[in-house]
Amino acid sequence: MKKIYEMTKEEVFESVRSSEKGLKTEQAEERLQAYGENVLKEKNKKSPIKIFFSQFSNMMVLLLILVGVVSLVYSIVNSESVIESVVIFSCLLINVIMGFVQEMKSENAIDALKTMTQSKVQVKRDGVWVEIDTAKLVVGDVIQLDAGDKVPADARIIKAVNAKVDESILTGESLQVDKDDEILSGDKLIQDQINIVFSGTSVTNGKIEAVVIKTGMETELGKIAGSLDSGKEALTPLQVKIKKVSGFITVIACILIAATLCYGLILEKDALSIIVLCISMVLAAVPEVLPVSITATLTIGVQQMSKRKTIVKQLAAIETLGATQIVCSDKTGTITTNQMTLVELYANEKTYLDIKKSNQSLEMIQNIMGLCNDNEVNVENKGDFIGDPVEVALSKYLYNINLSLDYFRNEHERVNEIPFDSGRKMMSTVNKFDNKLMMMTKGGLGAVLPRCVGYYKNGKVVKMTKLIASKFLAKEKSMSKKAYKVLAFAYRTVDLKEEYTTEDENGLILVGLCGLVDPPKDGVKEAVKKCKEAKMRPIMITGDSLATAMAVAIEVGIAKDDGDGVEGKAIDGLTDDELVSFVKKYTVYARVTPEHKVRIVRAFQSAGKVVAMTGDGVNDAPALKLAHVGIGMGKAGTDVTKNVADIILMDDSFATIVTAVEEGRRIYSNVLRTILYNLSSNFAEIFLIIIGMIMMRDIISPLHILYIDIVADTIPSIALAFEKNDKKAMKHKPNGINKRVFTPFMIAMIVGSAIIESAISLVIFFVADAWYGHKVAMTLALLSVVLTELTFTYNCKELKDFSFKKGLFGNKVMNISTLAIFAIQIPVFFTGVGSLFGLTSISILQFVTVVGITIIGFFVVECVKPILAKLFKDK
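It should be emphasised that the depicted structure is a prediction, and the values quoted were computed from it without experimental measurement. (Residues numbered from 1 in each chain as written. Predicted model: local features only at pLDDT ≥ 70, side-chain atom pairs only at ≥ 80, totals over all residues. Heavy atoms only, no water.)

(A) Spotlight on the overall build of the protein chain. Broken down by element type, the protein chain carries 29 helices and 26 strands. Counting every position in the protein chain, which comprises 875 residues, the buried fraction comes to 56%. The long-range share in the protein chain, meaning contacts at least 24 apart out of those at least 6 apart in sequence, stands at 72%. As presented, the protein chain carries roughly 37,600 Å² of accessible surface, and 58% of it is formed by carbon and sulfur atoms. (Helix = DSSP H or I, 4+ residues; strand = E, 2+ residues; numbered from the N terminus. Buried < 20%, exposed > 50% of the residue type's maximum accessible area, 1.4 Å probe, protein only. Contact = heavy atoms within 4.5 Å. Areas by Shrake-Rupley, 256 points an atom, 1.4 Å probe, with all protein chains shown as cover.)

Here is the structure:
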């Protein structure tokens with residue numbers, strides 16, 4: 001069966017049961033009832049209530065709820081203070097609220113897509129042109145589009161006059177596409193279907209008459225909307241690792257509860273005593289403040305990123321960037337400027353690369369650029385131009401050498417023109433030059449050269465010869481290899497006529513060539529180099545041609561040679577398993593569709609890689625959503641890409657991605673510090689409870705554990721979020737999604753530091769118990785735990801080396817928080833305030849002694865760190 005672009009006009013009308021007169025009103029209404037409106041269906045949004053309750057799905061949270069309830073029941077039954085339960089539920093509430101606020105990000109991706117179609121359109125009904133709502137369009141409607149209109153539905157072109165369409169949001173192509181009614185044959189990508197206009201794209205030039213072939217969710221735009229609705233988002237590496245941490249802690253808590261129950265039953269303890277011990281064990285095992293600390297760490301990172309032109313919509317995404325191994329990037333607008341720029345001129349048998357200065361010998365070619373040009377000048381900014389991107393590039397070149405379009409047009413009035421058409425690939429204008437008329441022509445060299453009889457060189461006209469022609473052809477080939485768009489410029493003297501035809505474009509004098517390109521942005525080459533140094537692999541995925549993509553990729557360092565690139569059609573016949581191996585071979589993918597992008601991203605994910613995907617067009621949205629972290633463009637990005645993105649770059653620059661990766665690595669290191677800090681404290685508490693059970697002595701109570709978690713753990717662990725990055729952070733391999741949090745070193749450090757912390761508290765407890773009694777001993781044991789935790793924050797500044805090397809007091813927030821917490825201990829341990837937590841007042845000597853011992857403990861941990869790093873290497 002023929003594809004729609006292979007059919008004749010008659011066959012197209014027959015296939016949609018319509019005619020050149022359009023549909024009858026009755027037919028249109030029947031189809032509207034049968035197939036629905038020309039709109040994109042909304043996806044099922046996640047309600048705020050559902051988002052709120054999803055915060056309770058974490059096992060650690062559920063365990064804390066259980067403990068809080070048991071603690072509350074126990075307190076009520078025994079007529080005791082409910083402060084323990086209040087503190088537990090307060091921690092839970094803070095964590096749930098923070099998670100809820102951050103997860104309430106935009107769910108409006110489909111709504112944004114809906115705004116991409118215009119509200120009204122000219123349609124032929126009952127043989128008469130009328131204006132209707134685009135939502136009322138149906139298959140078979142004949143529509144009319146002018147320059148500036150957005151295409152409301154997929155439609156096959158019936159007639160086209162000088163039509164050009166911007167399809168970049170759908171295909172990623174940086175250049176506008178010429179459209180006509182030519183019948184095509186064979187398999188064609190969207191980019192090559194020149195006789196079809198697609199919903200959501202924009203007509204930039206000319207007029208189009210077309211018959212609607214698809215509406216709503218059946219359009220190419222609708223298919224993308226459908227993929228956004230159904231696609232599953234990948235868990236970020238941090239989410240995966242936090243899930244594992246939660247599972248690990250839950251298992252530990254369950255084991256400890258079981259052991260405590262056995263202990264109580266063996267010793268025939270009463271039920272209430274067993275409950276108290278179980279509550280103590282769970283509170284010691286579950287770091288209530290860890291989720292809050294991690295969220296705070298990420299939030300602080302978000303604030304830092306906002307200073308670096310980056311908006312983070314999803315907290316976990318910023319850490320994910322630090323773990324990124326593959327950076328898939330669109331070309332146009334991210335790596336390149338998305339603005340055609342004139343970079344090379346060839347005239348007078350010379351190549352001109354220094355084009356920022358005016359040159360008298362280029363006067364004639366500059367005249368043609370300025371006169372054979374339909375750009376409009378922005379009245380508010382003379383350096384901005386409206387029109388065809390190629391002509392904008394020519395206008396900007398002239399403006400930069402102080403030659404304005406107004407100057408050319410005022411000096412040399414246009415009296416006639418032969419518009420551009422895709423058949424002959426050239427355009428001409430007729431302008432006044434003193435007492436004569438001259439035709440100014442520009443177009444492809446292949447179209448212009450055969451019409452030339454002479455060559456303009458240094459102000460003189462010489463006869464066109466095969467040698468001169470071969471030089472121009474060789475120069476065009478040289479420019480084309482660099483992926484330049486090449487234009488030829490020519491002129492001739494003409495007589496005054498009422499109308500000029502293409503026959504008048506013969507007998508031209510060739511003046512020269514220009515090379516235009518969408519150049520890389522400043523800093524991209526350096527950013528790609530940093531990517532590779534950081535052991536990340538940059539991948540270019542674009543809708544542009546392979547030649548253009550390779551030229552840019554080689555220039556910025558993404559590819560080494562042409563062998564590193566491939567067209568998207570090469571993956572069409574591959575299975576998903578075959579594609580996993582295939583993507584390891586190439587770094588550039590050109591002429592790709594949205595489906596290709598999704599498959600490429602999924603293939604890298606299947607290989608166990610953490611993938612970041614950038615993009616600005618609608619065609620990028622499905623891949624952005626699928627990637628571990630989607631990066632949208634703030635300036636040129638469409639609403640849909642901004643809404644599905646996790647991170648938005650306000651300067652649309654690839655270089656900013658690398659900066660964000662560096663920040664992500666800093667945050668991941670700080671998350672590890674936070675986990676180490678919290679779990680070390682928890683294990684120290686567990687050790688104290690277990691030893692107390694064995695010795696049949698109460699060393700710390702459940703209320704003491706809550707005091708430690710709230711006072712000593714929360715603020716210092718948040719202060720760790722302000723730690724600066726390691727200078728070598730961008731020289732290491734990314735963490736990836738499979739790298740364990742609990743590496744041999746991490747486990748050794750948690751256990752080792754917990755042993756040192758608990759040993760200090762035990763020594764203080766048993767000495768104080770012998771000298772001052774049990775209540776003072778418990779008070780001093782608690783003080784030692786709190787102060788040891790404070791000093792341990794400074795141990796955590798550098799995980800595997802001496803913290804002194806990084807600068808012990810370089811973190812001002814940590815210094816201030818340490819002093820504040822230290823100050824809080826004075827009223828708690830020297831006044832009656834401590835009685836609220838079951839403490840007794842102590843002497844200054846006792847306080848100073850504990851301070852001295854904890855400082856010694858700090859130096860012991862410092863000495864142990866490098867030893868553990870050597871003994872327990874990370875795999």
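(B) Structural detail: the nonpolar core. Residues Phe654 and Ile675 are the most contacted members of the largest nonpolar core, which totals 109 residues. Counting 37 residues, the second largest nonpolar core, distinct from the first, contains Val392, Met427, Tyr456 and Ile509. (Core = buried A, V, L, I, M, F, W, Y, C linked by side-chain atoms within 4.5 Å.)

(C) How the structure looks around the packing of aromatic side chains. Using the criterion set out here, one finds 17 aromatic pairs in the structure. Ring centres of Tyr677 and Phe792 lie 6.2 Å apart, and the angle between their planes is 15°; this geometry places the pair in the stacked category. One end of the pair, Tyr677, is in helix α24 (residues 654-695); the other, Phe792, is in helix α27 (residues 774-795), and 115 residues separate them in sequence. The exposure class of Tyr677 is buried, given its relative accessible area of 0%. Taking the relative accessible area as the measure of exposure, Phe792 reaches 1% and is therefore buried. Here the aromatic rings of Trp771 and Tyr772 are separated by 6.3 Å at their centres, their planes lie at 85°, and the arrangement is edge-to-face. Following the ring pairs from residue to residue traces out a cluster consisting of Tyr346, Tyr455 and Phe472. Over the aromatic face of Phe420 sits the side chain of Lys164, whose NZ or CZ is 4.9 Å from the ring centroid. If you follow Lys800 out to its NZ or CZ, it ends over the ring of Phe745, 5.2 Å from the centre. (Phe/Tyr/Trp six-rings, centres within 6.5 Å; stacked < 30°, edge-to-face > 60°. Lys NZ or Arg CZ within 6 Å of the ring centre and 35° of its normal.)

(D) Seen up close, a positive patch on the surface. Taken together, the side chains of Lys535, Lys584, Lys609 and Lys733 present a region of like positive charge at the surface. The topology assignment puts Lys584 in the loop between α20 (576-582) and β23 (588-590). Judged by its relative accessible area of 57%, Lys584 falls in the exposed class. (Patch = residues over 30% accessible without salt bridge, like charges linked within 9 Å, V, L, I, M, F, W, Y side chains within 5 Å. Salt bridge = Lys/Arg side-chain N within 4 Å of Asp/Glu carboxyl O. Lys, Arg positive; Asp, Glu negative; His and termini not counted. Charge placed at Lys NZ, Arg CZ, Asp CG, Glu CD.)

(E) How the structure looks around the pattern of salt bridges. The full count for this structure, using the stated rule, is 29 salt bridges. A salt bridge links Arg414 to Glu417, with the nearest nitrogen and oxygen atoms 3.6 Å apart. Here Lys805 ties to Asp801 by a salt bridge, and the two come within 3.2 Å at their closest N and O atoms. Asp801 gets classed as partly exposed once you look at its relative accessible area, which sits at 25%. Taken together, the shared-partner salt bridges connect Glu344, Lys475 and Lys482 into one network.

(F) Geometry of the packing of helix α26 (residues 744-772) against α27. One way to put it is that α26 packs onto α27 with a least axis distance of 8 Å and a crossing angle of 150°. Relative to α27, the element α26 is oriented roughly antiparallel. In this structure, α26 crosses over α27, and the sense of that crossing is right-handed. The residues of α27 that touch α26, namely those facing Met749, Ser753, Glu757, Ile760, Ser761, Ile764, Phe765, Ala768, Asp769 and Tyr772, are His774, Val776, Ala777, Met778, Leu780, Ala781, Ser784, Val785, Thr788, Glu789 and Phe792. (Axes fitted to C-alpha atoms, helices over the stretch in contact; angles between N-to-C directions. Parallel < 35°, antiparallel > 145°, perpendicular 65-115°, else oblique. Left-handed = near helix turned anticlockwise from the far one by under 90°.)

(G) Layout of the pairing of strand β24 (residues 611-615). Counting buried positions over the 5 residues of β24 gives 5, a clear majority of the element. With 3 bridges joining them, strand β9 (residues 326-329) and β24 adopt parallel strand pairing. Across the sheet, Cys328 pairs through a bridge with Met613, a residue of β24. Here β24 pairs with strand β25 (residues 629-633) via 4 bridges, running parallel. (Pairing = 2+ DSSP bridges.)

(H) Local environment of a nonpolar patch on the surface. On the surface, a cluster of nonpolar side chains totalling about 640 Å² of accessible area is made up of Val69, Leu72, Val73, Ile76, Val77, Val82, Val86 and Phe89. Counting residues per element, the ones that place at least two in the nonpolar patch are α4 (59-77) and α5 (83-103). Residue contributions to the nonpolar patch peak at 5 residues, all from α4. Structurally, Val82 is set in the loop between α4 and α5.

(I) Region of the structure containing the sheet that holds β9. Strand order in this open sheet of 8 strands is β8-β26-β25-β24-β9-β21-β23-β22, and the pairing throughout is mixed. Each of the sheet's edge strands pairs with one partner strand only, and the pair in question is β8 (310-312) and β22 (565-567). Adjacent strand axes in the sheet meet at a mean angle of 20°, parallel and antiparallel pairs treated alike. Relative to β23, strand β21 (residues 537-541) runs parallel, the two sharing 2 bridges. Within β23, the position partnered with Ile541 by the bridge is Tyr589.

(J) Molecular detail of the packing of α26 against helix α29 (residues 844-871). Here α26 crosses α29 at 155°, and the two axes come no closer than 10 Å. Here α26 lies roughly antiparallel to α29, going by the angle between them. Read as a crossing pair, α26 and α29 show a hand that is right-handed. For the pair α26 and α29, the contacting residues are Phe745, Ala748, Met749, Ile756, Ile760, Ile764 and Tyr772 in the first and Gln846, Val850, Ile853, Gly857, Val860, Val861, Val864, Lys865, Leu868 and Ala869 in the second. A breakdown of the residues in the contact of α26 with α29 according to their chemical character gives 14 nonpolar, 2 polar and 1 charged. (Nonpolar A, V, L, I, M, F, W, Y, C, P; charged D, E, K, R; others polar.)

(K) Just the side chain of Ser758, in detail. Positionally, Ser758 belongs in helix α26. From its side chain, Ser758 meets the backbone oxygen of Ile755 in a polar contact 3.1 Å long. (Polar contact = N/O pair within 3.5 Å; in protein donor to acceptor, adjacent residues only side chain to side chain.)

(L) Region of the structure containing the side chain of Thr441. For Thr441, the position within the fold is in strand β16 (residues 436-443). Only 2.7 Å separates the side chain of Thr441 from the side chain of Ser428, close enough to count as a polar contact. If sequence neighbours within four positions are ignored, Thr441 has contacts with Ile368, Cys372, Met426, Met427, Ser428, Ala488, Phe489, Ala490 and Leu508.

(M) Expanded view of a negative patch on the surface. There is a patch of like negative charges on the surface, built from Glu26, Glu29, Glu30 and Asp126. Relative to the assigned elements, Glu30 resides in helix α2 (residues 25-35).

(N) Representation of unusual backbone geometry within the structure. With a phi close to 55°, Arg17 is a non-glycine residue in the positive phi region. Secondary-structure assignment places Arg17 in the loop between α1 (9-15) and α2. Judged by its relative accessible area of 55%, Arg17 falls in the exposed class. Notably, Asp434 is not glycine yet its phi reads approximately 55°, a positive angle. Relative to the helices and strands, Asp434 is located in the loop between β15 (426-433) and β16. Overall, the relative accessible area of 78% leaves Asp434 in the exposed class.

(O) Looking closely at the environment of Val851. Residue position: Val851 is located in helix α29. The sequence separation of Val851 and Thr791 amounts to 60 residues, and the corresponding C-alpha distance is 9.9 Å. Ignoring anything within four residues of it in the chain, the contact list for Val851 reads Leu787 and Phe822.

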